Amino acid sequence: MADQFLGFDLSTQQLKGIIVGSDLKLLQEAKVDFDADFGAKYGIEKGVLTNPAEGEVFAPVALFLEAIDLVLQRLKEQGADFSKVQGISGAGMQHGTVFWSHDAEHLLANLDAGKTLLEQLEGGAKGERKGAFSHPFSPNWQDASTQKQVEAFDAKLGDPHKLAQATGSKAHHRFSGPQILRFHTKYPEAYAATSRISLVSSFLASIFLGKIAPMDISDVTGANLWDIQNGRWHEDLVALAGGANGAADLLNKLGPVPEDGGASFGTISSYFSQRYGFPSSAQIVAFTGDNPSTILALPLRSSDAIVSLGTSTTFLMSTNTYKPHPAYHFMNHPTTPGLYMFMLCYKNGGLARERIRDAINGNAADKSWDKFNAAATSTPALGQEKDTDPMRLGLYFPRSEIVPAVKSGTWRHAYWPSSHLLTNAEDDATTWPSPAADARAILESQLLSLRLRSASLTQPQGDLPPQPRRIYLVGGGAANPAIAALAGQVLGGAEGVFRLEIGPNACALGSAYKAAWAVLRRSGERFEDFLEGRWDEAAFVRRVADGYQKGVFERYGEALQGFSELERVAIEERGEQGSGSGQEVKEGAVDRGIVRAN
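Conventions we followed
- Residues numbered from 1 in each chain as written.
- Predicted model: local features only at pLDDT ≥ 70, side-chain atom pairs only at ≥ 80, totals over all residues.
- Heavy atoms only, no water.
- Helix = DSSP H or I, 4+ residues; strand = E, 2+ residues; numbered from the N terminus.
- Rg over C-alpha atoms; globule rule 2.2 N^0.38 Å.
- Buried < 20%, exposed > 50% of the residue type's maximum accessible area, 1.4 Å probe, protein only.
- Areas by Shrake-Rupley, 256 points an atom, 1.4 Å probe, with all protein chains shown as cover.
- Lys, Arg positive; Asp, Glu negative; His and termini not counted.
- Charge placed at Lys NZ, Arg CZ, Asp CG, Glu CD.
- Salt bridge = Lys/Arg side-chain N within 4 Å of Asp/Glu carboxyl O.
- Contact = heavy atoms within 4.5 Å.
- Expected span 1.5 Å × (residues − 1).
- Domains from an automatic or database assignment.
- Buried area = accessible area lost by both parts, 1.4 Å probe.
- Polar contact = N/O pair within 3.5 Å; in protein donor to acceptor, adjacent residues only side chain to side chain.
- Nonpolar A, V, L, I, M, F, W, Y, C, P; charged D, E, K, R; others polar.
- Disulfide = S-S within 2.5 Å.
- Core = buried A, V, L, I, M, F, W, Y, C linked by side-chain atoms within 4.5 Å.
- Pairing = 2+ DSSP bridges.
- Axes fitted to C-alpha atoms, helices over the stretch in contact; angles between N-to-C directions.
- Parallel < 35°, antiparallel > 145°, perpendicular 65-115°, else oblique.

Within the chain, the secondary structure is distributed over 21 helices and 26 strands. Rg of the C-alpha trace for the chain: 24 Å, near the compact-globule value of 25 Å for 598 residues, within the 12% margin. Once the C-alpha set of the chain is aligned to its principal axes, its extents read approximately 75 × 55 × 50 Å. Per-residue burial over the chain gives 62% buried out of 598 residues. When the accessible surface of the chain is summed, it comes to about 22,000 Å², and 48% of that surface belongs to carbon and sulfur atoms. Distance between charge centroids for the chain: 0 Å, based on 57 positive and 68 negative side chains.

In structure tokens form, the structure reads like this:
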């Protein structure tokens, strides 16, 4: 009987489960769509409930419980044989928190296989039945209710830079530390009734384990509470988040964090063996965050980069260099000590590109990318027909942006690198023939921002200048050939630009791969080596564009100073004050000698 491994992805709008074999090939997959399956029951929209008056965004924990039973039923309908599953891991949306009651451990350990999780773990509406949760809701990563707490975290160690140095990030609205501080301020009785606090990932692990599972070594770094370099809870920050209840009380609620991302927490709860047929020997491996899990979907080496091109844009890189800054995130690697995960998050991605596509098509109903792609690829780099022409540099933010922290707006400027002169070209149809010129400019804009902020982490590739070894594209935009071509031109990529041929499954697959590694690894075998030994390059990825192109890559390097200056202009004109995002320009350029133009 060949071993199989189960991975989960609990995101804002769905729970996905997939099963792979020991050869990493996908066997079954199923998902629960929260709005479609439970929207009417819970009154959710896009997976969440909101309280706009306070900026709150949250989800019912009961929804997660129902989704777990349902996704397992659907996997069985797809032909899954759970008796073959030897390892289970998963991922949860980062920064979400779940608050367990003092009855939780007893309830988890004594589940009746004849009843659903919801029937046994959710408390009665009027308190007639004790439940496993001291608070019925889980704050979501979109929550923005913690501005006061964010300011307290930034100030605790002196300033955002010192907080980022200690925890990998400055304070953010969504991070668990500020969320916990606000929770026990707003709900003191519920906080007192809380025995343990889980992240969404460790909550999901706890359900399958039958007892409260520890937090994961990578996901815990999305809390502003973990001292990354010293590998422990940060005493001063835990004391801040613990408030009047004290640091010791909060430390007990948070629990220990094992260093080994592949360690088994134990075997599966008897509930799942009896109800669904899992073997009692199935191991529960640390569940991590959705972003850390995504980088486990392929054997990512140091300096490799993943660009996720969806409605938003996310940039992930595995690196052995720890250079934190308030404008981005560093996290512990989910499997490999000595490596870190560098992450950039942007709100504006696909939506901004689609608006220009519609303008070029002249009809918002026409969703074809043909004219957009033709305009982008036929326009010369940075709009320069000849070297003496100015460079076209633009910013396109239909939504307020995180990086840099500015309100919505559009900026079109001309930049002369020889003199560092930057001028507004918004009304200059000769320099900037809009909308045709916008097609290439928006792709360059999004990619230049990634290069600016990741430059200090890249290494020389042989005789080539510092750049990623490979660029991997995932998400809906990964199928666009124009985006792939420009990604290589702007970001480089010594071995080229690749597309992950696994559709939207990267996060769940990373979880399943993590489970397989944890169970099957040889003594001391690193995750990357384990995965590479089973990796089917032809089946899993496809090379879709050239990477580094001599001359073109260097020209984009010359544009970075002007691009940084353009962001400064945008911040001066429409900067978000007190946004809690703390994003600034200049970050990745510091070590490359890029100085802001005057």
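And the narrative resumes.
Another aspect to go through is the pattern of salt bridges. For the structure on display, the rule yields 29 salt bridges. Linking R182 and E56 is a salt bridge whose minimum nitrogen-to-oxygen distance equals 2.8 Å. Residue R182 is located in helix α7 (residues 176-186), and its partner E56 is located in strand β5 (residues 56-60); the two are separated by 126 residues in the primary sequence. Residue class for R182 comes out buried when judged on its relative accessible area of 13%. One salt-bridge network, held together by shared partners, links D304, R469, R470, E495 and E537.

In this section: the side chain of Q86. Position of Q86 relative to the elements: it lies in strand β6 (residues 85-92). A residue is classified by how much of its surface remains accessible, and Q86, at 16% relative accessible area, is buried. In contact with Q86, other than residues within four places in its own chain, are D3, Q4, F5, P279, S281, A282, Q283 and V519.

Residue pairs three or four apart in sequence face the same way in an α-helix, which turns once every 3.6 residues. Between its first and last C-alpha, helix α16 (residues 436-454) extends 29 Å over 19 residues, near the 27 Å set by a 1.5 Å rise per residue. Burial within α16 is extensive, with 18 of its 19 residues counted as buried.

Splitting the chain by domain gives domain 1 (4-292), domain 2 (298-348 + 454-545) and domain 3 (351-435 + 551-573). Between domain 1 and domain 2, the residue contacts involve 51 residues of the former and 36 residues of the latter. Contact with domain 2 buries surface across domain 1, with F5, L24 and N291 losing the most and accounting together for 19% of the total. Here D536 and K25 are joined by a salt bridge, their closest N and O atoms 3.6 Å apart. Run the count over domain 1 and domain 2 and you get 16 residue pairs in polar contact (both at pLDDT 80 or more). Secondary structure elements with two or more residues in the side of domain 1 that touches domain 2: β1 (4-10), β2 (14-21), β3 (26-33), β6, α6 (160-167), β13 (283-285) and α13 (290-294). For the side of domain 1 that touches domain 2, the class distribution of residues is 20 nonpolar, 21 polar and ten charged.

Our focus in this paragraph is the state of the cysteines. Tallied over the full model, the rule gives zero disulfides. Cysteine C345 is unpaired, with the sulfur of C507 as its nearest cysteine sulfur at 13 Å. The exposure class of C507 is buried, given its relative accessible area of 7%.

Another aspect to go through is the environment of P466. With respect to the helices and strands, P466 occurs in strand β23 (residues 464-467). P466 gets classed as partly exposed once you look at its relative accessible area, which sits at 30%. Sequence spacing of P466 and L491 is 25 residues, and the spatial spacing of their C-alpha atoms is 10.0 Å.

Turning our eyes to something else, we now look at the nonpolar core. Membership of the largest hydrophobic core comes to 93 residues, with the highest contact counts inside it found for F153, L225, W233 and L473. Ranked by residues supplied to this core, first place goes to α16 with nine residues. Once residues lying within four places of it in the same chain are set aside, the contact partners of L473 are V307, L309, A478, A484, A487, V497, F498, R499 and L500. With 61 residues, the next largest nonpolar core counts A30, L118, L121 and L209 among its residues.

If you trace the seven strands from one edge of the open sheet to the other, you get β17-β18-β16-β15-β24-β25-β26, paired in mixed fashion. Single-partner strands in this sheet number two, and they are β17 (329-332) and β26 (541-545). This sheet shows a mean twist of 25° between the axes of neighbouring strands, independent of strand direction. As judged from the four bridges shared by β17 and strand β18 (residues 340-346), these two strands associate in the antiparallel manner.

Turning next to the sheet that holds strand β8 (residues 137-139). An order of β4-β5-β8 is seen for the three strands of this open sheet, with the pairing classed as antiparallel. The sheet terminates laterally at β4 (49-51) and β8, the two strands that pair on one side only. Neighbour to neighbour, the strand axes of the sheet diverge by 35° on average, direction disregarded.

The residue after V403, namely P404, is reached through a cis peptide bond having omega -5°. For P404, the location among the structural elements is in the loop between β19 (391-397) and β20 (409-416). A cis amide bond links S434 to the next residue, P435, at an omega of 10°. Relative to the helices and strands, P435 resides in the loop between β21 (421-424) and α16. For N224, which is not a glycine, the phi torsion comes out positive at approximately 60°. You can see N224 is positioned in the loop between α9 (200-209) and β10 (226-227). Look at L382: it is not a glycine, yet its phi comes out positive at around 60°. Assessed through its relative accessible area of 0%, L382 is described here as buried.

The subject of this paragraph is the packing of helix α18 (residues 506-520) against helix α19 (residues 527-534). A pair of packed helices can be characterised by two numbers: the angle between their axes and the separation between those axes. In the contact formed by α18 and α19, the axes pass within 10 Å of each other and the chain directions differ by 105°. Classed by the angle they form, the pair α18 and α19 counts as roughly perpendicular. For the pair α18 and α19, the contacting residues are Y513, K514, A516, W517 and L520 in the first and F527, F530, L531 and R534 in the second. Taken together, the residues that form the contact of α18 with α19 break down as seven nonpolar, no polar and two charged.

Our next topic: the pairing of β19. The buried fraction of β19 is high, at seven of seven residues. Across the two faces of β19 the burial is the same, with M391, L393, L395 and F397 and R392, G394 and Y396 all buried. Pairing of β19 with β20, which is carried by seven bridges, proceeds in the antiparallel orientation. Within β20, the residue paired with G394 across the bridge is R412.

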